[in-house]
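# Analysis of the macromolecular model
The chain contents come next:
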Amino acid sequence: MLFRSERVYQAHLAHTLLESGVAIADPARFDVRGHLTCGKDVVIDVGCVFEGKVTLGDGVRVGPYSVLREVSVAAGSQIEAYCHINETSIGANCRIGPYARLRPGADLSEDVHIGNFVEVKASTIGVGSKANHLAYIGDSSVGKNVNVGAGTITCNYDGANKHRTVIEDDVFIGSDTQLVAPVTVRKGATIAAGATITKEVAEGVLAISRSKQVAIEGWKRPVKKRKE
C-alpha cells in the first residue's frame, strides 16, 4: 500500500540525515515533504514535519511536533514544541515558541525571542527584540531591542485594507497595548500597559492612554433570578 512505500522513503531520508550527523529522536516519527538541508549538530525531535525547501543551520534544535514550511533557520536557533512556521526567515541564536506561529513574510534578525502563543506575519523584527507571550505582530517593522509586552496587538486591518506599524529601536511596550495602524512609535519610547495608541509616539516619551479609574460606592452585583 502507498503508506508503506511512504514510510520506507521517509526511513531512507532519516537514515541519510543520521549518517551526516543529524540527531533525529525517532526516525519512525519524522516527515520530509520537500527538501531538508541541515548543518552540523542539528537536533530534530519527534513528530516534526518539513515541507518545501527548509534549511537548518549549525546547532539548530527543532522541538517536537513542529511544522516548518519554506523556512530558513540560521545557526544556533532553537524552535520549541508545537510551532508552525511558514515562509519565514529566522536569524541566528533565536528562540521560538513553544506554540508560536510565524506566517509568510516574517523576517527575524539575530537573538530574537518569539514566545508562547505569539503570531508574527509580514513583519521584520530587529536584533535582540522580544515578544514572549500572547501577542500579534502583523504588517510591522520592529527595530532592535524592542520589548513587546503580553497581550499586545497591532491592529493592522481596518475591514478593507492592511496598514503598517513602525516600532523603532529600544521601545518598551507594556502589556495589553493596541497599536492601531498606520502608526509609528519612535526610538526609545515607552508605552504604558493597557494603552490604545492611534497617533505617533515621539522619541523617548512615556505614552499613556487609559480611562480614569472610578470606584462606585455601594454598588451591588446583579443577582440571578430564580425560576418559579
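Check the secondary structure of the protein and you find one helix and 26 strands. Here the C-alpha radius of gyration of the protein, 22 Å, is well above what a compact globule of 228 residues would show, namely 17 Å. Over its C-alpha atoms, taken along the principal directions, the protein stretches across nearly 70 × 60 × 30 Å. Across the 228 residues that make up the protein, the buried fraction comes to 39%.

Here we take up the sheet that holds strand β26 (residues 206–207). Ordered in space as β1-β3-β5-β7-β9-β12-β15-β18-β21-β24-β26, the eleven strands form an open sheet in which the pairing is parallel. Edge positions in the sheet fall to β1 (23–24) and β26, since each has one partner strand and no second.

For the rest of this paragraph, the subject is empty space enclosed by the protein. With the rule as written, the count across this model stands at one cavity of 30 Å³ or more. Taken as a whole, the largest cavity spans an internal volume of roughly 40 Å³. V112, H113, I114, I125, S129, K130, A131, I137, V142, V146 and V148 together form the lining of the largest cavity. A per-class count over the lining of the largest cavity returns eight nonpolar, two polar and one charged.

This part covers the side chain of K121. Note that K121 resides in strand β13 (residues 119–121). Given the relative accessible area of 12%, K121 is considered buried. Beyond its immediate sequence surroundings of up to four residues, K121 is in contact with R103, P104, Y136, I137, G138, D139, N156 and K162.

This model, assessed by the stated rule, comprises nine salt bridges. Salt-bridge contacts for E200 lead to R186; the nearest nitrogen and oxygen are separated by 3.1 Å. Separated by 14 residues along the polypeptide, E200 in the loop between β25 (196–197) and β26 and R186 in the loop between β23 (183–185) and β24 (190–191) bring together distant segments of the chain. Given a relative accessible area of 51%, E200 falls into the exposed group.

Attention shifts here to helix α1 (residues 2–19). An ideal rise of 1.5 Å per residue puts 26 Å on 18 residues; α1 measures up with 26 Å between its terminal C-alpha atoms. Buried within α1 are the following residues: Q10, L13, A14 and L17. The arc that holds the buried residues of α1, viewed along the axis, is 100°, so those residues lie on one side. The exposed residues of α1 that point more than 90 degrees off its buried face are V8 and E19. Where α1 is buried, its residues meet β1 and β2 (30–38). Within two residues after α1, G21 carries a phi angle of roughly 105°, on the positive side.

All right, on to the pairing of strand β6 (residues 67–73) then. Walk down a regular strand and you will see the side chains alternate between the two sheet faces. Relative to β6, strand β4 (residues 48–56) runs parallel, the two being bridged by six bridges. Its bridge partner lying in β6, L56 is registered against V73. Bridge count between β6 and strand β8 (residues 84–90): six bridges; the pairing is parallel. Its bridge partner being in β8, V73 is matched across the sheet by I90.

About the thresholds
- Residues numbered from 1 in each chain as written.
- Predicted model: local features only at pLDDT ≥ 70, side-chain atom pairs only at ≥ 80, totals over all residues.
- Heavy atoms only, no water.
- Helix = DSSP H or I, 4+ residues; strand = E, 2+ residues; numbered from the N terminus.
- Rg over C-alpha atoms; globule rule 2.2 N^0.38 Å.
- Buried < 20%, exposed > 50% of the residue type's maximum accessible area, 1.4 Å probe, protein only.
- Pairing = 2+ DSSP bridges.
- 1 Å grid on protein atoms, 1.4 Å probe; cavity = no way out; pocket = protein on both sides within 12 Å on 5 of 7 lines; lining within 4 Å.
- Points joined across faces, edges and corners; volume = space filled by probe spheres on them.
- Nonpolar A, V, L, I, M, F, W, Y, C, P; charged D, E, K, R; others polar.
- Contact = heavy atoms within 4.5 Å.
- Salt bridge = Lys/Arg side-chain N within 4 Å of Asp/Glu carboxyl O.
- Expected span 1.5 Å × (residues − 1).
- Arc of directions from axis to C-beta.

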